[in-house]
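Letter by letter, the chains look like this.
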Amino acid sequence: MLPSGRRVDRVTALFVSLLAVSFIIATFDVRADGQGAGAALRDGAQVLFTPVQKGIDYVTRPIVGFVDGIADVAGLRDENERLQQRVQELQAQLNESEAMERRVQELEAINGLEPPQEIPTVTAQIYAAGASAFDQIRYVNKGSADGVIEGQAVIDEDGLVGRVDLVTEHNARVRLITDPLVSVGVRVQDTNETGIVSGQGSGPLRLSMFRASETVPAGALVMTDGSRFPPGIVVGAVTESADIEVNFALRTSVDPAVRISQLDFVKVVVGWSPLDADVEAPDGPLEPPPIIDQGFIP
Amino acid sequence: MRARPVVIALGLVILAVVLQTTIFAPGRIQPFGAAPNLVLLVVIGCARYLDPEPSLLVGFTGGLLVDLLSSSPLGLWAMVLTAVTFVALKVRSRAADGPFIIAVGVFALTLLGQVLFVFVGTLFGQKTIEDPQVVRKLVLPAIYNVILAAPVLWAIRAALRPSQRIWAQ
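Residues numbered from 1 in each chain as written. Chains lettered and ligands numbered in written order. Predicted model: local features only at pLDDT ≥ 70, side-chain atom pairs only at ≥ 80, totals over all residues.

**A short note on the overall build of chain B**
At step 1: Looking only at helices and strands, chain B has six helices and zero strands in total.
At step 2: Each helix and strand of chain B, placed in order from N terminus to C terminus, yields the pattern α-α-α-α-α-α.
At step 3: Here the C-alpha radius of gyration of chain B, 15 Å, is about what a compact globule of 169 residues would show, namely 15 Å.
At step 4: Overall size of chain B, expressed as C-alpha extent along the three principal axes, is 45 × 30 × 30 Å.
At step 5: Evaluated residue by residue, chain B yields a buried proportion of 56% over its 169 residues.
At step 6: When contacts within chain B are restricted to residue pairs at least 6 apart in sequence, long-range pairs at least 24 apart make up 68% of them. (Helix = DSSP H or I, 4+ residues; strand = E, 2+ residues; numbered from the N terminus. Rg over C-alpha atoms; globule rule 2.2 N^0.38 Å. Buried ≥ 20, exposed ≤ 12 C-beta atoms within 10 Å, placed from the backbone. Contact = placed C-beta atoms within 7 Å.)

**Regarding the pairing of strand β10 (residues 234-238) of chain A**
Residues and elements named next belong to chain A.
At step 1: Most of β10 is tucked away, with four of its five residues classed as buried.
At step 2: One ladder, built from three bridges, connects strand β9 (residues 221-224) with β10; its direction is antiparallel. Across the sheet, Val222 pairs through a bridge with Gly236, a residue of β10.
At step 3: As paired strands, β10 and strand β11 (residues 250-256) are joined by three bridges and run antiparallel to one another. Across the sheet, residue Val238 finds its bridge partner in β11, namely Val254. (Pairing = 2+ DSSP bridges.)

**A few points about the sheet that holds strand β6 (residues 183-188) of chain A**
At step 1: Read once around its circumference, the closed barrel built from six strands follows the order β6-β7-β8-β11-β10-β9 (chain A), with strand pairing classed as antiparallel. If you compare each strand with its neighbour and ignore which way they point, the axes differ by 40° on average. (Axes fitted to C-alpha atoms, helices over the stretch in contact; angles between N-to-C directions.)

**Quick notes on the interface of chain B and chain A**
At step 1: Taken residue by residue, the interface counts 50 residues in chain B and 49 residues in chain A.
At step 2: At the level of elements, α1 (3-22), α3 (52-68), α4 (76-91), α5 (99-123) and α6 (134-160) of chain B are the ones that each hand at least two residues to the side of chain B that touches chain A.
At step 3: Tallying contributions element by element places α4(B) first for the side of chain B that touches chain A, with eight residues.
At step 4: Partitioning the side of chain B that touches chain A into residue classes produces 29 nonpolar, 15 polar and six charged. (Nonpolar A, V, L, I, M, F, W, Y, C, P; charged D, E, K, R; others polar.)

**Some points on the packing of helix α2 (residues 38-49) of chain B against α4(B)**
Residues and elements named next belong to chain B.
At step 1: Two numbers describe how α2 lies on α4: the axes approach to 9 Å, and their chain directions differ by 40°. Considering their axes alone, α2 and α4 lie oblique with respect to each other. In this structure, α2 crosses over α4, and the sense of that crossing is right-handed. Two secondary-structure elements touch here, α2 through Leu40, Val43, Ile44, Ala47 and Arg48 and α4 through Leu81, Val84, Thr85, Ala88 and Leu89.
At step 2: Broken down by class, the residue content of the contact of α2 with α4 amounts to eight nonpolar, one polar and one charged. (Parallel < 35°, antiparallel > 145°, perpendicular 65-115°, else oblique. Left-handed = near helix turned anticlockwise from the far one by under 90°.)

**Focus: the pairing of strand β12 (residues 265-269) of chain A**
Residue and element names in this part refer to chain A.
At step 1: Bridge count between strand β1 (residues 121-129) and β12: five bridges; the pairing is antiparallel. The partner of Thr123 across the bridge, within β12, is Lys267.
At step 2: Note: strand β3 (residues 153-155) against β12, two bridges, orientation antiparallel. When the bridges of β12 are listed, Val154 appears paired with Val268.

**Examining the confidence of the model for chain A**
At step 1: Per-residue confidence for chain A gives a mean pLDDT of 80; residues scoring 70 or more make up 83%.
At step 2: Of the regions scoring below 50 in pLDDT, residues 277-298 of chain A engages in 24 contacts with residues more than four places distant in sequence or in other chains. (pLDDT = per-residue confidence, 0-100.)

**Some details on α4(B)**
At step 1: Between the first and last C-alpha of α4(B) there are 23 Å, a value that for 16 residues agrees with the 22 Å anticipated at 1.5 Å per step.
At step 2: Along α4(B), 13 of the 16 residues are buried, which leaves the element largely enclosed by surrounding structure. (Expected span 1.5 Å × (residues − 1).)

**Describing the packing of α3(B) against α4(B)**
Residue and element names in this part refer to chain B.
At step 1: The interhelical angle for the contact between α3 and α4, taken along N-to-C directions, is 150°, at an axis separation of 7 Å. Comparing the axis directions of α3 and α4 gives the class roughly antiparallel. Considering the relative orientation of α3 and α4, their crossing is right-handed. Listed contacts from α4 to Pro52, Ser55, Leu56, Gly59, Phe60, Gly62, Gly63, Leu64, Val66 and Asp67 of α3 are Leu76, Trp77, Ala78, Met79, Val80, Leu81, Thr82, Val84, Thr85, Phe86 and Leu89.
At step 2: Here the residues of the contact of α3 with α4 are counted per class, giving 14 nonpolar, six polar and one charged.

**Some remarks on the domain arrangement of chain A**
One widely used convention gives an interface's size as the accessible area the parts lose upon coming together.
At step 1: In terms of domains, chain A is made up of domain 1 (7-71), domain 2 (78-111) and domain 3 (119-281).
At step 2: Taking the mean C-alpha position of each, domain 2 of chain A and domain 3 of chain A sit 21 Å from one another. (Domains from an automatic or database assignment.)

**Description of the nonpolar core**
At step 1: In terms of nonpolar packing, the biggest core is built from 113 residues, with A:Val222, A:Val235, B:Val42 and B:Val43 touching the most fellow members.
At step 2: If you tally residues by element for this core, the top one is α4(B), at 11 residues.
At step 3: Here this core gathers at least three residues from each of two domains, domain 1 (7-71) and domain 3 (119-281) of chain A.
At step 4: With residues up to four places along the chain from it excluded, the contact list for A:Val235 reads A:Gly159, A:Leu160, A:Ile177, A:Val184, A:Val186, A:Val197, A:Val222, A:Met223, A:Thr224, A:Val254 and A:Ala257. (Core = buried A, V, L, I, M, F, W, Y, C linked by C-beta atoms within 7 Å.)

**Concerning the confidence of the model for chain B**
At step 1: Of the residues in chain B, 95% have a pLDDT of 70 or more, and the chain-wide mean is 88.
At step 2: Across the whole predicted complex the pTM is 0.77, and at the interface the ipTM reaches 0.88.

Spelled out as structure tokens, the structure:
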């Protein structure tokens, strides 16, 4: 049955009005840069949805895990080979790290330096993700009541996961390092040179260096440089070696250390924040802890 | 405008949003790295069984809910789901032609919604088009939505028009 002309007009008018309202809301939200009424609405929605999301996550987690396990059977062989290769790489890194640690301890003793303190973390569990396939966010069950504030780093046993970008009393939203709007200041372990890693939505991260003087080899570990996140957190490994381009620029890709699709428990680094850094060191960015700052790593 | 079907439709959209962010979240059920776009499917289903104006309002509200629980600016998904609802309203009379046409329609509308989001997301600085797996994220949800279409549309019809047969207009 075809609608009447008058009916079509009303429907079209409503459609155009709703599109205009959406456009205006989006424009205001972009201009507010995640603050203002949009942020308040997001907080409210999160508070309302969290109990339901947690309930459904709790009930369905075992079933979903079973189904997901069956779906993953085909990829287990590749996964096994990848893990064996990873174990070998980690063993080599461990040997190297132990030698380096001994050397650092000797140098600390010689220079009378205190070793860096363990940075406090809060363990949190992911209970939900973004509502769209293009979202690179996760929701965790720890919030301001646990000491979580915006900007803090989120890590797991493999390395940097992302940063906290929205906090309610008992929950927080984490923006992953794969988000195109997240950039991380990094240091390449092999060359000790700094650069910026940014996400691309999925897949490998993009490493950009602007004052490179050495070739970056494939497999080189990339770690946070302490400018925004605590220094020394593994971000990933360079996937292909890259030579310096004109103007000492260098671009390559980095395989994230964390397995984004399999995140479950994470740690929020509550004892270190760029906001704290601003309070304690108003004249400049926070100095990294002594191990990195003193340049003892050869 | 009868209020009861609209309230039920909004409830279905809320349920879809919750399931999308939990069961179909990364690390849960995501075959080949993608999940169905359940909210889009429910909005398409509501557009099939509700009157035009309530359908548009349900699409818009569902989009706003998705926006509130995602990292994109508020209004982007509202814009996309409103547009998809409008197109669904224009073609819904063809659904009486049978299940194959419905499957094609669900695929095309889901793909349209995803492509629109990539387009407006890029316009609003979200860099969605730079995603190396953008094609996969566009196509797989459309395929999954076709697979889920029969049970989801059946459930929507049962909730909104309990006295009608499933393929009836």
